[in-house]
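As a plain string of letters, each chain reads:
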Amino acid sequence: MDYDKALELFEPVLGFEVHVELNTKTKMFSDAPNYFGGEPNTNITPVDLGLPGSLPVVNEQAVKYSISLGLALGCSIAASSRFARKNYFYPDLAKNYQISQFDEPIAYEGSVEVELANGRVFQIPIERAHMEEDAGKLTHVGGATGRIQGAEYSLVDYNRAGVPLVEIVTHMIVGAEHDAPELAKAYVSTIRDIVVSLGISDAKMERGNLRCDANISLRSRASVAAAVAAGEPLPLGTRTETKNVNSLRSVERAIRYEIQRQAAILDAGGTITQETRHWHEDTGQTSAGRPKSDADDYRYFPEPDLLPVEPSAELIESLRLALPEAPAVRRKRLKSDWGFSDLEFQDVQNSGLLVEIEETVSFGASAHQARKWWTGEIARVANERGVDAATLISPKDVSELVALIENGDLTDRLARQVLEGVIAGEGTPTAVVEARGLKVVSDDGPLIAAIDEALAAQPDVLEKIRDGKVQAAGAVIGAVMKAMKGTADAARVRELVLERAQQ
Amino acid sequence: MSLFTRTASSLGEMLAAGEVSSVEVTQAHLDRIAAVDADVHAFLHVNAGALDAAAAVDKRRSAGEVLGPLAGVPIAIKDVLCTLGMPSTAGSRILEGWIPPYDATVVARLRSAGLVPLGKTNMDEFAMGSSTEHSAYGASHNPWDLERIPGGSGGGSAAAVAAFEAPIALGSDTGGSIRQPAAVTGSVGVKPTYGGVSRYGAIALASSLDQVGPVSRNVLDSALVHDIIGGHDPRDSTSLTDQWPSFAAAAREGAAAESLKGVRIGVVKELDSPGFQAGVHQRFHEALDLLAANGAEIVEVSAPHFEYAVAAYYLILPAEASSNLAKFDSVRFGMRVNPPGGGTVEDVMAATREAGFGDEVKRRIILGTYALSAGYYDAYYGSAQKVRTLIQRDFASAFEQADVLVSPAAPTTAFKLGEKINDPLAMYLNDVTTIPANLAGIPGMGLPAGLAPEDGLPVGIQIMAPAREDARLYKLGATLERLLEDKWGHTLLSQAPSLAPGEMFAAESGAV
């Protein structure tokens, strides 16, 4: 169903579960390295494999990171919180229970301010943030889809088992209306900004450091109106939970898709199945996962192998004092520091590249150049390839590129070629300039020679300039640029041509 | 006197004095195992590397290294503990042949103290039982009467010690699995304070109740083992960081004590049931009289909530066990059964667990899964935890009136193999005296109180102390042991049948 039509008939209700992988040195409950690339099943200990007799020990750094994150989300920190076992059988879960937190999370009841490109500001209510361990990674071999259905066999890599996670759960979010997809993206982007500013996660969505499960349900405008008229609580539709949303862009697309999908079903008189949905980046659609009922029974009980986590008030206060500036505050400051107009700053916000731009500026680039390149050419390439811009190039490289432009070593046109080289993995901008021989010729000697040659071919040009027809210089400049294969600085060529006319 | 009849402490002294080598001592025990274990079946696995380990200790000693008091002494290890180089099955088919890639912390501590692992001892599957009849590898037999149970779950360790196959052993105690086998075999066993000994590498039954401890033929030997295995382990979050006193020193002090003047001994009314076997009741009260005659003040204390202990225990234990045993799914280790015609991973897990677990394990997994289910959690697991708190309070108020508490260690002497196997409830009730200590996390010791007149089988007495006061057990236990042995004129175990040709005790006759 058409998006606007869907919104006309239904009100979307959102909820998010964002998993953040913490970048501690070791895992949540073992001393194995917290690193899950590389040879499968190498970064593991008996604890990560759930071998008989092994016992978990809480990673103190992970607790501190979780407290910092809770504080940054405006949450209260529990004086005593407990781990619990979530029991279910799945081969990527070594012990067939996940150590998580249930009714006593480390952080609870907070709020996060999210600002949309159109200037709307939302307070997203946070229900809780709790600590848990990641599961291993299954690879399904054989079968067409790479999913478990139809696979011949499956491989499991426990390198990721036990990686520390914080799961941030929102309360129900109402009132987003048309902005629901954008709000979803802005929320995840804000969480990303927060964890990056805290330095507690690599926060790369494409690598799964930051994962968003998006819950969405629709309720008909008619049913809301009827409830209001009758003074009854507002109805809630059946929700789905969309998983595998691996980029900010996908978060937005997935919500938009799911609103349209659910609206079409409901409008046709159908019912929504409560289930997980799997997002497909390639088709831009979701497909049915497993049924998920509220009655799923994980038989939670307090983890008897671990003591309650009881951070001292002093520790909590010291972590609170060490918190970096809140992203909302930071945004206001940056807008003013950078001297951006509302429109320019919204452009940055909307791109989700605030962090990258800030980092680029911190390496010495001007804010305007940083914004121009990130939201311009880099975003364009990212969009073309369907990836997040931040994955293409590092802020350090962008700042180097900008420096080359500002020194006059590169023109914008050359800079785009350099950028292409950096994205292709040819090295830093300076290295690409060297390798491709793209540097602007700043020595006037070769320019003067080229100008002489061009003037010889078009002898009337100097006359025309002297007669006041300055635009006639364009023909010579064009010829010189062509002869120099673009490595000349057009402004300098122009200056030299005008100087010659005055001689 | 044969080497294998000596206590660990005396072997330790002989080894230190160079009167005997560890290889000789170890060989003597291996020979004894070869002679009697076909009948006793205490061992599931005998360590092929035992003599090499013994030789290594001898070498360390001859190189002038200063070794601990039990260096070179052999020890039997309950199969619930993970051991490098030896299978660790917890008595279950599902772990048949599994060799862990690591040592349990207690085993690593034994090895570094120079003790020689003799092998792995039999037990009820995953420590669920009071008789070893639930072992997947066949029951162990009580050295006093081979037709009878050696107690459980750690019947193998107790039988090994009582049959002189090992001077000392390790056990684990979740609801009495060290103390009850000690009681019915005439040996000594200690369940330390919860957190006093590392659980790392002990295959978990019920994490909040399990505790590893020593089994021996006298109080001092248990204390010496406890000194080695105890103390903080950073790999076990529930391990206490306390600095512990020397338990061996406490035992020696107790053995030398002139009088028990000023010691208040509480008799738990609820654990002194006239319903217990007559000979148990009689020997227990004779022991109390002996203590009183030597100056102890005997006080009666009440623990009204002990009535609910067994019920609470059989909710908490299965609940934790149902989760702890979920890892046995064939994916990473242990048995794998592929159902006919193949199937999904869930099918393989189910077929493996069906074939790999025995009936008692399945019974408790089902019980525990039910107790934790949504809608039942509060009524079962939640209520059981409340009972646990009440029992802890009962103990706290009892310990205001007494320094230690005592009770019979088990309601009966060893029953016959097969007698209770089809009556789980009767089997469960055999732990009525030992379970409260586990629920409260306090330490308890089982030690011999004599032979029941009606059947001539060992009766055990239990001593309990407040949490962290394990030293009191060793001190009073050693005093009581000395008083009883002075009265009898010999140790209890010297009266056990010899089991093997050659009449090991021919030279030292005596009557109980």
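Residues numbered from 1 in each chain as written. Chains lettered and ligands numbered in written order. Predicted model: local features only at pLDDT ≥ 70, side-chain atom pairs only at ≥ 80, totals over all residues. Heavy atoms only, no water.

Participant: Account for the domain arrangement of chain A, naming residues and giving values.
Facilitator: All names here are of chain A. The domains assigned to chain A are domain 1 (3-312), domain 2 (326-436) and domain 3 (444-502). Taking the mean C-alpha position of each, domain 1 and domain 2 sit 31 Å from one another. Across the contact, 17 residues belong to domain 1 and 17 residues belong to domain 2. Summed over both sides, the interface between domain 1 and domain 2 buries roughly 1400 Å², with carbon and sulfur atoms accounting for 44% of that surface. On the domain 1 side of the contact with domain 2, Ala117, Asp193 and Arg249 bury the most area, a combined 32% of that side's loss. Inspection of the region where domain 1 meets domain 2 yields two salt bridges. For lysine 332, the salt bridge identified is with glutamate 113, shortest N-O distance 4.0 Å. (Domains from an automatic or database assignment. Contact = heavy atoms within 4.5 Å. Buried area = accessible area lost by both parts, 1.4 Å probe. Salt bridge = Lys/Arg side-chain N within 4 Å of Asp/Glu carboxyl O.)

Participant: Give me the lowdown on the pattern of salt bridges, citing residues and values where you can.
Facilitator: All names here are of chain A. This structure, assessed with the given rule, holds 56 salt bridges over all chains. Between arginine 320 and glutamate 317 there is a salt bridge, and its shortest N-O distance comes to 3.2 Å. Placement of the pair is arginine 320 and glutamate 317 together in helix H6 (residues 313-321), with a separation of three residues, close to one helical turn. A relative accessible area of 37% places glutamate 317 in the partly exposed class. (Helix = DSSP H or I, 4+ residues; strand = E, 2+ residues; numbered from the N terminus. Buried < 20%, exposed > 50% of the residue type's maximum accessible area, 1.4 Å probe, protein only.)

Participant: Break down the environment of Asn23(A) for me, with residues and values.
Facilitator: Residue and element names in this part refer to chain A. The residue asparagine 23 is located in the loop between strand E1 (10-21) and helix H2 (60-72) in this model. Its relative accessible area of 29% is what places asparagine 23 among the partly exposed residues. The spatial distance from the C-alpha of asparagine 23 to the C-alpha of leucine 165 is 9.3 Å, given a sequence separation of 142 residues. Those residues in contact with asparagine 23, other than ones at most four positions away along the chain, are Asn34, Tyr65, Gly199, Ile200, Ser201 and Asp202.

Participant: Requested: an account of the side chain of Thr45(A), with residues and values cited.
Facilitator: All names here are of chain A. For threonine 45, the position within the fold is in the loop between E1 and H2. The buried category is assigned to threonine 45, whose relative accessible area is 14%. Setting aside residues up to four positions removed in sequence, threonine 45 forms contacts with Ser30, Asp31 and Ala32.

Participant: Any details on the packing of aromatic side chains? Residues and values, ideally.
Facilitator: In this structure the tally under the stated criterion is 24 aromatic pairs over all chains. Ring centres of Phe301(A) and Tyr381(B) lie 5.7 Å apart, and the angle between their planes is 70 degrees; on these two criteria the pair is classed as edge-to-face. Here Phe301(A), found in strand E14 (residues 301-302), pairs with Tyr381(B), found in helix H13 (residues 378-401), and the two come from separate chains. Phe301(A) gets classed as buried once you look at its relative accessible area, which sits at 1%. With a relative accessible area of 2%, Tyr381(B) lands in the buried category. Judged by centre distance (6.2 Å) and plane angle (15 degrees), the rings of Tyr376(B) and Tyr380(B) are stacked. Exposure remark for Tyr376(B): the relative accessible area of 35% places this residue in the partly exposed category. Over the aromatic face of Phe415(B) sits the side chain of Lys420(B), whose NZ or CZ is 4.4 Å from the ring centroid. (Phe/Tyr/Trp six-rings, centres within 6.5 Å; stacked < 30°, edge-to-face > 60°. Lys NZ or Arg CZ within 6 Å of the ring centre and 35° of its normal.)

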